[in-house]
Amino acid sequence: MENAVLVLNANFEPIHVCNIKRALGLMLTEKAALVMNGRGVIHTTYSSYPIPSVIRLQRMVHAPHPKVPLTRREIFRRDNYTCQYCGKVTPELTIDHVIPRHMGGRHEWTNVVAACPSCNHRKGGRTLIESGMSYLHQPKSPSQAANYVFARQLSANNEWIEFLSGW
Ligand SMILES: [Zn+2]
């Protein structure tokens with residue numbers, strides 16, 4: 001019951017991911033319909049249900065386009081798991097605020113980069129100019145295309161690709 005289910009709006013736009021229990025609840029109350037099964041069936045005492053992989057809401061809901069959350073994991077993914085100051089690929093990345101927070105630097109996509117511990121230490125609480133450092137790429141918001149936003153779940157659910165492309 002831990003598998004992720006892709007939820008499409010009535011116009012087929014992918015809007016979020018839920019678990020199977022929630023998806024079955026939406027289907028049983030006729031708020032959503034099965035679009036893709038592919039995982040077999042669940043048997044209960046009295047009946048059996050297809051295990052959904054993709055469902056579609058019966059009525060259009062107002063939902064903002066899904067966004068990549070600003071989390072450590074997503075910052076590292078945007079930066080290709082690479083220190084943005086020296087180019088080292090390391091599992092021990094940290095987050096650096098380009099304009100330090102104590103100078104009013106915001107915690108937002110354009111002001112955070114992945115940095116290895118030694119570059120982060122070297123830069124300290126200073127700006128780029130003060131530290132004499134520069135980054136490999138100007139930090140930007142990552143792609144908001146659905147196949148990037150849902151990429152983590154997509155790798156375990158390849159069948160979603162046709163529903164994510166183009167959004
Ligand atoms: Zn570094």
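Residues numbered from 1 in each chain as written. Predicted model: local features only at pLDDT ≥ 70, side-chain atom pairs only at ≥ 80, totals over all residues. Heavy atoms only, no water.

A sheet is described by the order of its strands in space; here four strands give the open sequence β2-β1-β6-β3, paired in mixed fashion. With partners counted over all chains shown, the strands left at the sheet margins are β2 (14-19) and β3 (32-36), one partner each. The average angle at which neighbouring strand axes cross in this sheet is 35°, direction not considered. Two elements, strand β1 (residues 4-8) and β2, share five bridges in a ladder whose sense is antiparallel. Following the sheet pairing, Leu6 is matched in β2 by Val17. Set on the sheet, helix α1 (residues 20-28) makes contact with β1, β2, β3 and β6 (54-57); between it and β2 the angle comes to about 110°. (Pairing = 2+ DSSP bridges. Helix = DSSP H or I, 4+ residues; strand = E, 2+ residues; numbered from the N terminus. Axes fitted to C-alpha atoms, helices over the stretch in contact; angles between N-to-C directions. Contact = heavy atoms within 4.5 Å.)

Counted under the stated rule, the structure contains four salt bridges. Its salt-bridge partner being Asp79, residue Arg78 comes within 2.9 Å of it at the nearest N-O pair. Taking relative accessible area as the criterion, Arg78 reaches 16% and is therefore assigned buried. Judged by relative accessible area, which is 8%, Asp79 ranks as buried. Glu108 is paired through a salt bridge with Arg106; the nearest N and O atoms lie 3.7 Å apart. The exposure class of Arg106 is exposed, given its relative accessible area of 56%. (Salt bridge = Lys/Arg side-chain N within 4 Å of Asp/Glu carboxyl O. Buried < 20%, exposed > 50% of the residue type's maximum accessible area, 1.4 Å probe, protein only.)

Attention shifts here to the coordination of the zinc ion. In an ideal octahedron of six donors the angles at the metal are 90 or 180 degrees, and in an ideal tetrahedron of four donors they are 109.5 degrees. The protein atoms that coordinate the zinc ion are Cys83 (SG), Cys86 (SG), Cys116 (SG) and Cys119 (SG), at distances of 2.3 Å. Mapped onto the polypeptide sequence, the residues donating to the zinc ion form the spacing pattern C-x2-C-x29-C-x2-C. In this structure Cys86 comes out as partly exposed when scored by relative accessible area, which is 43%. (Donors = N, O, S within 2.8 Å, 3.2 Å for Na, K, Ca; no water.)

To continue, consider the nonpolar core. Counting 29 residues, the largest nonpolar core has Leu6, Val54, Cys83, Tyr85, Trp160 and Leu164 as its most contacted members. Those elements that provide at least two residues to this core are β1, α2 (72-78), β8 (112-115), α5 (146-149) and α7 (161-164). Per-element tally for this core: the top contributor is β8, with four residues. Beyond its immediate chain neighbours, meaning those up to four positions away, Leu6 contacts Pro14, His16, Val17, Ser53, Val54, Ile55, Trp160, Phe163 and Leu164. Judged by nonpolar contacts, the second largest core, of 14 residues, contains Ile15, Cys18, Leu24 and Leu26. (Core = buried A, V, L, I, M, F, W, Y, C linked by side-chain atoms within 4.5 Å.)

Attention now moves to the pairing of β8. The two faces of β8 match: Val112 and Ala114 on one face and Val113 and Ala115 on the other face are all buried. The pairing of strand β7 (residues 94-97) with β8 spans four bridges and is antiparallel. Paired with His97 across the strands is Val112, a residue of β8.

This paragraph deals with the environment of Asn80. Assignment of secondary structure puts Asn80 in the loop between α2 and β7. Sequence-wise, Asn80 and Met103 are 23 residues apart; in three dimensions their C-alpha atoms are separated by 27 Å.

The topology assignment puts Asn9 in the loop between β1 and β2. A polar contact of 2.8 Å, which involves the side chain of Asn9, links it to the backbone oxygen of Val61. (Polar contact = N/O pair within 3.5 Å; in protein donor to acceptor, adjacent residues only side chain to side chain.)

With respect to the helices and strands, Lys123 occurs in helix α3 (residues 117-123). A relative accessible area of 0% places Lys123 in the buried class. Through-space distance from the C-alpha of Lys123 to that of Tyr85 is 9.5 Å; in sequence the pair is 38 residues apart. Among all residues touching Lys123, those that are not within four sequence positions of it are Tyr85, Asp96, His97, Val98, Leu128, Ser131 and Met133.

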